[in-house]
Amino acid sequence: MIRQIIVTFFIIFIFLALVFGLLNLQVFHGTNYRQLSEKNCIRLFPQKGSRGKIIDRDGNIIVANRLSYDVLILPQDAKQRETSLVKLGQLLEVDYKDLKKAYREGLVSVSVPVTVVRNINYKKAIALEELKFELPGVMIQPNPVRHYIYGGLACHILGYLNEIDRWRLTKLEDYGYKTKDIVGFGGVEEKYDYYLRQEEGGLSVEVDHRGRQVRLLGFRPPLNGKDVELTIDLKVQQIVENKLGKRKGSVVLMDAFTGEIIAMASSPGFNPEVFIEKQNSAISDLFKDKDSPLINRAISSAYPPGSIFKAIVALAALEERKINSSTTYICQGKVLVGKKEFACWSTHGPQDLNLAIAHSCNTYFYKTGLLLGGDEIYDYAYKFGLGKSTGFDLSYEVSGLLPSPLWKRLNKFQKWFDGDTANFSIGQGDLLATPLQMTRMMAVFANDGFLVTPHIIRSIAGKDPASSVRRNYRLNIKSGNLNIVKQGLRSVVNFSSGTGNVLSGLGVEVSGKTGTAQSPPGLAHAWFVGYFPYNGSKVVMCVFLEHGGPGYYSCVVAKEIIGEIIKYTKEGRFNET
Amino acid sequence: MKHNLFIIIVALLIASIGIISIYSSTYQKEGKLWQEIYKRQILWVILGFVCFLLVSNMDYRRLWDWTYFLYAACLFLLFLVFVLGVIRLGAQRWLKFAWFNFQPSEFAKICMAIFLARYFSKKSVHDISLLSYKFGIFRGIILPFIIVVIPVGLIIEQPDLGSGLMIVFLFMAMLYLTNVKLRYIIIFLVIALLPLPFMWHFLRDYQKERLLVFLNPNIDPLGAGYTVIQSKIAIGSGMFFGKGWLSGTQGQLHFLPESHTDFIFSAFAEEWGFFGCVVLLLLYYLLVQRGLSIAKRTNDDFGKLLAYGVSLMLGIQVFINVAMNMGLAPVVGVPLPLMSYGGSSVLVTFISLGILTSIERKRAVF
């Protein structure tokens, strides 16, 4: 009898054991197993959108997207994998071992395709597609990739794309950026990445045990990035870059009234495509190059402006009534300031302001500068936007260096001497400015007294994001004084003895100032900053050649550029006014 | 009659649950055969019901007289399997009859229950006391073991380890329930377990694999361990209330193999959750408990032992199958009685229940 009772309890016990087992599996670990079951049968197929295009002011596409083709292998369908890989290798001219390695490293699961070759061209993709039946399990997947239609054109404005780095990731994580994301580096690609970037969409699909699709669970369409329209004129940009050629330096063309950048070139440049195609040796060459081709010289490095600065000194002296238009100094080739001799580049004889600007006479400006004093020059230079960022759209703009007696005391622990004032008044010494700052400065003369905010973004998806914050500052300058300096700037080109005389006879009225900024070691920097009428408005142009020699060389480049632009506007769509 | 009604209602309830689970796990499969499978199961249940009625109205004492005939028939059929058997899933377990396949190992289970019940309830001709009190180690254990081991050996050779082990379990249970001395049983157990490590060499490769996988399913997640892993995922993912009928992804999308036969419990658990499983186990428990209470109340020793044997076998089969589904027991081919697809199992289970009912009905006579 006891055995029968034990058997009864035994049955109760085993059933309770089952219930506890189920409790453990379904209630305590249920969520875990539910996730596993979903992982079993739900597959995500991402679909990429395309990054926003970058277009110029007339709607010409500068940067677009093309389709690149990746070769994938679906392990579960690839029956004779070895022979398929060998055939693939022959077709694509890739080593079979590399394919095998890529396959082995990429293998996750039998139902997840493995990318073995990236970025094959259209012809090969077509060829592979035709051989589909001989190569079971091989798939071609089109992928939108960035296409820089004009190669290295405007590369510094555009920037390039690369995999996100740690620094950017920590900064951008909160905006939904993830590791391995492709983001912009430098230029518009970086600054407006948030607008340009596409949003990945995808399908979630329920599959059976063989990975075959059973039904569609969800679909989120990929979102394309927003298009960015630039103020750049593609044709002008091309002209500028052609004429600048291989010379080190930078050219900026800006609308004098609105601050729109019409062209901005920096040389040497680079081809953003190398980052897309992952040409590692070319990329490391770019980083190692001593001429730093990745630097946008127009905004990211500052140079002594040299004689260009004299325009500010002249205006300051007129405004402060230290001189007037008929004030004359005699240039004897040198001036004694304190105990030190300051040289002029030539012996000009008697010079009034007009001649002094035209001849870029140092003597005249030493004397004028000494009348003004370092603080006054500083104040005016600051008013003209030197020593601070211009508020330009792109990142990595430097503010240059605008010295002052106070600055010298604070940073160099030295007194400001008259010699400093003398150097300052011809744009030498500690003074540093970017080509863009000098362009902006010259625009004040071109547009009769407004400090504009240079910008390169015209609209993003049809809207100008900064129109409400961007404004032109009116500088309180008497128009009489302004006209006197403008007269001088005109004489630079008009007078046969003017330093910019090469620019005469182009058919348009060019005004400007040349500069030969001493910057040892090496040759001087060659500057030309001026303005001329263009397309019903006025364009300020800055030609800067790093260690390019005397300012004359810049004038020659400027002449070629202006000549081409005139030709283009005559034959092109615009009518010159 | 009241008791008959209870048993048959519970059995039909379980069978209905089985049919809807079979329907759910096969309706998405391609091919007419798969679509029809639940209809075949309905047919088997109806046939089983008819068998139940026939057997329950029969006097179970007749089985006493038929014992040797049944045993011989059982051996004959098992031999026949070797000669004519249909090979399916790598095993030769089935005999092809006119339009269905019959599995003699299922039949052997009930035959052995009858045989052992008769063997241990023989009475002395002198004082009508039970002979089993006087059994020594030879008549108590060795002789019945030899009788049992012949069909068991044949079944394991098919190979059908599950059914073979079921009969060994039955034998142990019957031994325990009769008056054979406990120390004999212990000696027997020790002798039986000692050579177990050597038995390893006689196991088939797939059986070794299954045992290893039972110890650690992750050694071969896409091969032998696959079934156990998928089955656990199926049960676990049901959570408390399940995914709902026809909504189980594991069973429907074929991640779970054999989801209409041995692993029907997983398919059921996925769709009905913990709640459904507890209800199902309760139904099984009620069935087994009813069998045990019939056994307890029966005064006829043959009937008592037979009832115990039949209900214990039912309970142990349920336990092994469900434990195997949960990964708590190695994967051996034990169907879930009344639920798994398969005619032989359904018929034999209904016949066993019929015997139980018959014992209950005739109880009053003794």
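Below is a short write-up of the structure. (Residues numbered from 1 in each chain as written. Chains lettered and ligands numbered in written order. Predicted model: local features only at pLDDT ≥ 70, side-chain atom pairs only at ≥ 80, totals over all residues.)

**Examining the overall build of chain B**
Argument step 1. The helix and strand tally for chain B stands at 14 helices and 3 strands.
Argument step 2. Residue burial in chain B is summarised as follows: out of 366 residues, 50% are buried.
Argument step 3. Considering only residue pairs separated by 6 or more positions, chain B has 70% of its internal contacts joining residues 24 or more positions apart. (Helix = DSSP H or I, 4+ residues; strand = E, 2+ residues; numbered from the N terminus. Buried ≥ 20, exposed ≤ 12 C-beta atoms within 10 Å, placed from the backbone. Contact = placed C-beta atoms within 7 Å.)

**Examining the overall build of chain A**
Argument step 1. Within chain A one finds 21 helices and 22 strands.
Argument step 2. The buried share among the 577 residues of chain A stands at 44%.
Argument step 3. Taking all contacts inside chain A whose residues are at least 6 apart in sequence as the whole, residues at least 24 apart take part in 71%.

**Some thoughts on helix 1 (residues 2-28) of chain A**
For an α-helix, the turn length of 3.6 residues means that residues three or four places apart are oriented alike.
Argument step 1. Over its 27 residues, helix 1 of chain A runs 37 Å from end to end, which matches the ideal 39 Å to within 8%, given 1.5 Å per residue.
Argument step 2. Here helix 1 of chain A has its buried residues at V7, I11, F15, L18, L22, L25 and Q26 of chain A.
Argument step 3. Contacts from the buried residues of helix 1 of chain A go to helix 2 (30-41) of chain A together with helix 6 (161-177), helix 10 (225-237), helix 12 (264-297) and helix 13 (301-325) of chain B. (Expected span 1.5 Å × (residues − 1).)

**A few points about the sheet that holds strand 12 (residues 261-267) of chain A**
Residue and element names in this part refer to chain A.
Argument step 1. Read across the open sheet, the 5 strands follow the order 12-11-22-21-20; overall the sheet is antiparallel. Because the sheet does not close on itself, it has two edges, and the strands there are strand 12 and strand 20 (511-517). Across the sheet, the mean angle separating the axes of adjacent strands is 10° when strand polarity is ignored.
Argument step 2. The strands that helix 21 (residues 551-571) touches are strand 11 (249-255), strand 20, strand 21 (525-534) and strand 22 (537-545); relative to strand 21, the one it contacts most, it runs at about 25°. (Pairing = 2+ DSSP bridges. Axes fitted to C-alpha atoms, helices over the stretch in contact; angles between N-to-C directions.)

**Re the interface of chain A and chain B**
Argument step 1. Taken together, the contact pairs 27 residues of chain A with 33 residues of chain B.
Argument step 2. Residue assignment for the side of chain A that touches chain B shows that the elements contributing at least two residues are helix 1 and helix 2 of chain A.
Argument step 3. Considering every element that reaches the side of chain A that touches chain B, the biggest residue donor is helix 1 of chain A, with 15 residues.
Argument step 4. Residue classes in the side of chain A that touches chain B are distributed as 14 nonpolar, 10 polar and 3 charged. (Nonpolar A, V, L, I, M, F, W, Y, C, P; charged D, E, K, R; others polar.)

**A short note on unusual backbone geometry**
All names here are of chain A.
Argument step 1. Across the junction of S267 and P268, the peptide omega takes the value 0°, indicating a cis bond.
Argument step 2. Within the secondary structure, P268 sits in the loop between strand 12 and helix 11 (273-276).
Argument step 3. The omega torsion of the bond from P520 to P521 falls at 0°, within 30 degrees of zero and hence cis.
Argument step 4. Relative to the assigned elements, P521 resides in the loop between strand 20 and strand 21.
Argument step 5. Even without a glycine there, the phi angle at Y396 is positive, about 65°.
Argument step 6. Tracing the sequence through the fold places Y396 in the loop between helix 16 (374-383) and helix 17 (405-412).
Argument step 7. In this model, D448 sits at a positive phi of 60°, which is unusual for a non-glycine residue.
Argument step 8. Judged by local crowding, D448 falls into the partly exposed class, with 16 C-beta atoms found within 10 Å.

**Brief notes about the sheet that holds strand 9 (residues 213-220) of chain A**
All names here are of chain A.
Argument step 1. The 3 strands lie next to each other as 1-8-9, forming an open sheet whose pairing is antiparallel. Of all strands in the sheet, those bounded by a partner on one side alone are strand 1 (42-47) and strand 9. Across the sheet, the mean angle separating the axes of adjacent strands is 25° when strand polarity is ignored.
Argument step 2. As defined by bridge partners, strand 8 (residues 201-207) adjoins strand 9 across 6 bridges and the pair is classed as antiparallel. Opposite G202, over in strand 9, you have R220 as the bridge partner.

**Here's the deal with the nonpolar core**
Argument step 1. Ranked by internal contacts, the top residues of the largest apolar core, which has 119 residues, are V251, L253, I312 and V539 of chain A.
Argument step 2. In this structure, this core is formed jointly by two domains, domain 2 (48-230) and domain 3 (234-273 + 291-571) of chain A, each of which donates at least three residues.
Argument step 3. If we ignore the near neighbours within four places in the chain, the residues touching I312 of chain A are Y380, A381, F384 and M441 of chain A.
Argument step 4. L63, L78, V152 and Y341 of chain B belong to the second-largest nonpolar core, a separate cluster that totals 111 residues. (Core = buried A, V, L, I, M, F, W, Y, C linked by C-beta atoms within 7 Å. Domains from an automatic or database assignment.)

**So, helix 10 of chain B**
Residues and elements named next belong to chain B.
Argument step 1. For helix 10, built from 13 residues, the straight-helix expectation of 18 Å at 1.5 Å per residue is met to within 8% by its first-to-last C-alpha distance of 18 Å.
Argument step 2. For helix 10, the tally of buried residues reaches 12 of 13 residues, placing the bulk of the element in the interior.
Argument step 3. If you check which residues of helix 10 are buried, you get G225, T227, V228, I229, Q230, S231, K232, I233, A234, I235, G236 and S237.
Argument step 4. In the stretch just after helix 10, M239 is the one whose phi turns positive, near 50°.

**Some thoughts on the packing of helix 3 (residues 61-84) of chain B against helix 4 (residues 104-120) of chain B**
All names here are of chain B.
Argument step 1. Relative to each other, helix 3 and helix 4 sit at 150°, their axes nearing to 9 Å. Classed by the angle they form, the pair helix 3 and helix 4 counts as roughly antiparallel. Two packed elements cross with a definite hand, and for helix 3 against helix 4 that hand is left-handed. In this structure, helix 3 contributes L63, W64, T67, L70, Y71, C74, L77, L78 and V81 to the contact, and helix 4 contributes P104, F107, A108, C111, I114, F115 and R118.
Argument step 2. The residue inventory of the contact of helix 3 with helix 4, partitioned by class, reads 14 nonpolar, 1 polar and 1 charged. (Parallel < 35°, antiparallel > 145°, perpendicular 65-115°, else oblique. Left-handed = near helix turned anticlockwise from the far one by under 90°.)

That's the geometry; what it means functionally is another story.
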